[in-house]
Amino acid sequence: NAGVTQTPKFQVLKTGQSMTLQCAQDMNHEYMSWYRQDPGMGLRLIHYSVGAGITDQGEVPNGYNVSRSTTEDFPLRLLSAAPSQTSVYFCASSYSLWTEETQYFGPGTRLLVL
Amino acid sequence: QQQVKQSPQSLIVQKGGISIINCAYENTAFDYFPWYQQFPGKGPALLIAIRPDVSEKKEGRFTISFNKSAKQFSLHIMDSQPGDSATYFCAASMGSGGGADGLTFGKGTHLIIQP
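About the thresholds
- Residues numbered from 1 in each chain as written.
- Chains lettered and ligands numbered in written order.
- Predicted model: local features only at pLDDT ≥ 70, side-chain atom pairs only at ≥ 80, totals over all residues.
- Heavy atoms only, no water.
- Pairing = 2+ DSSP bridges.
- Helix = DSSP H or I, 4+ residues; strand = E, 2+ residues; numbered from the N terminus.
- Axes fitted to C-alpha atoms, helices over the stretch in contact; angles between N-to-C directions.
- Phe/Tyr/Trp six-rings, centres within 6.5 Å; stacked < 30°, edge-to-face > 60°.
- Buried < 20%, exposed > 50% of the residue type's maximum accessible area, 1.4 Å probe, protein only.
- Lys NZ or Arg CZ within 6 Å of the ring centre and 35° of its normal.
- Disulfide = S-S within 2.5 Å.
- 1 Å grid on protein atoms, 1.4 Å probe; cavity = no way out; pocket = protein on both sides within 12 Å on 5 of 7 lines; lining within 4 Å.
- Points joined across faces, edges and corners; volume = space filled by probe spheres on them.
- Nonpolar A, V, L, I, M, F, W, Y, C, P; charged D, E, K, R; others polar.

1. Focus on the sheet that holds strand β6 (residues 56-59) of chain B
Residues and elements named next belong to chain B.
- Read from one edge of the open sheet, five strands run β1-β3-β8-β7-β6, paired in antiparallel fashion. The open sheet has two edge strands, β1 (4-7) and β6, and neither has a second partner. The sheet shows a mean angle of 15° between the axes of neighbouring strands, taken without regard to direction.
- Bridge count for strand β3 (residues 19-25) against strand β8 (residues 72-77) is six bridges, and the pairing is antiparallel. Note that in β8 the partner of Cys 23 across the bridge is Phe 73.

Here you go:
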């Protein structure tokens, strides 16, 4: 299994541009989520999904959209990038909410918004 | 409002020593407390986790101590090795596994083990 994969690894955007961060997992996990990591802030939950067609907001959802059309993919969209969205973004997945299965994190996407 | 407070922010330990990282939480609904290890350029990876029905869990050189009444938990790394140098995050969630609201993370501890 490839586990959780994220693309791109690094991206530079100009303010106002849009882009989609891709996340895919091949473990048939129902639960997927997006976090952002900022220096000295730990990781903060942006959006999550408990299954295909079901998404909800986390702690810091403003400026981000998500959709979950398949079990495998959970893209994160920035509609109009802002410098405050400069961060490292991690996608995570787990088999279920209701088991001891932990979340597996992808390698991250480093985003710089100028 | 920060729900999981982690200390220290950075820690330097000599090889062979004991590394101790502490976390305190506020929300009594939390019932799953994992620790994650992150190396530079990598995503966090689960190290060890505990549920509040036990006071201690040990896996190899890593031990979680849990004090439910004080709402505190800590990670102890025995016989610390240079390969343990990484950033460590404590976390908490409601519900088993990730929880519907995901994991609430501490701000992290940058651990350096000096040879």
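2. Structural notes on the packing of aromatic side chains
- In total, this model carries 16 aromatic pairs over all chains according to the counting rule given.
- Ring centres of Phe105(A) and Tyr36(B) lie 5.4 Å apart, and the angle between their planes is 85°; this geometry places the pair in the edge-to-face category. Linking Phe105(A) in strand β10 (residues 104-105) with Tyr36(B) in strand β4 (residues 33-38), this pair reaches from one chain into another. Taken as a pair, Phe105(A) and Tyr36(B) share a single burial class, namely buried.
- Every member of this aromatic cluster is reached through a ring pair, and the members are Tyr25(B), Phe30(B), Phe33(B), Trp35(B), Phe66(B) and Phe73(B).
- Sitting over the face of the ring of Phe74(A), Arg68(A) holds its NZ or CZ atom 6.0 Å from the ring centroid.

3. Topic: the state of the cysteines
- The tally for this structure, following the rule as stated, stands at two disulfides over all chains.
- In this model Cys23(A) forms its disulfide with Cys91(A); the gap between the sulfur atoms is 1.8 Å. Between Cys23(A) and Cys91(A) the disulfide shows an S-S torsion of about -70°. By sign, it is left-handed. Linking Cys23(A) in strand β3 (residues 19-25) with Cys91(A) in strand β9 (residues 87-94), this pair joins segments that are 68 residues apart in sequence.
- Classification of Cys91(A) as buried rests on a relative accessible area of 0%.
- Between the sulfur of Cys23(B) and that of Cys90(B) lies a disulfide, 1.8 Å long from S to S. When the S-S torsion is -95°, as for the bridge of Cys23(B) with Cys90(B), the disulfide is left-handed. Of this pair, Cys23(B) sits in strand β3 while Cys90(B) sits in strand β9 (residues 86-92), placing them 67 residues apart in sequence.
- A residue is classified by how much of its surface remains accessible, and Cys90(B), at 0% relative accessible area, is buried.

4. Considering the layout of surface pockets
- In this structure, the largest pocket occupies an estimated 560 Å³ of space.
- Along the wall of the largest pocket there are 26 residues; nearest its centre are Gln37(A), Pro39(A), Gln38(B), Thr87(B) and Phe89(B).
- Every element with two or more residues in the lining of the largest pocket is listed here: β4 (31-38), β9 and β11 (109-113) of chain A together with β9 and β11 (109-114) of chain B.
- Here the element with the most residues in the lining of the largest pocket is β9(B); it accounts for three residues.
- Residue composition of the lining of the largest pocket, grouped by class: eight nonpolar, 13 polar and five charged.

5. Quick notes on the pairing of β8(B)
Residue and element names in this part refer to chain B.
- β8 sits mainly inside the fold: five of its six residues count as buried.
- The sheet contact formed by strand β7 (residues 62-67) and β8 spans six bridges and is antiparallel. When the sheet's bridge partners are listed, Ser 65 is paired in β8 with Ser 74.
- Once β7 ends, the chain turns through four residues before running back antiparallel as β8, passing Lys 71 with a positive phi of about 55°.

6. Some details on the pairing of β11(A)
All names here are of chain A.
- Burial along β11 is one-sided: the face carrying Thr 109, Leu 111 and Val 113 is buried and the face carrying Arg 110 and Leu 112 is not.
- Of the strand pairs in this sheet, strand β2 (residues 10-13) and β11 are connected by four bridges, and their pairing is parallel. Within β11, the position partnered with Val 12 by the bridge is Leu 112.
- Pairing between β9 and β11: three bridges, direction antiparallel. Note on β11: the bridge partner recorded for Tyr 89 is Thr 109.

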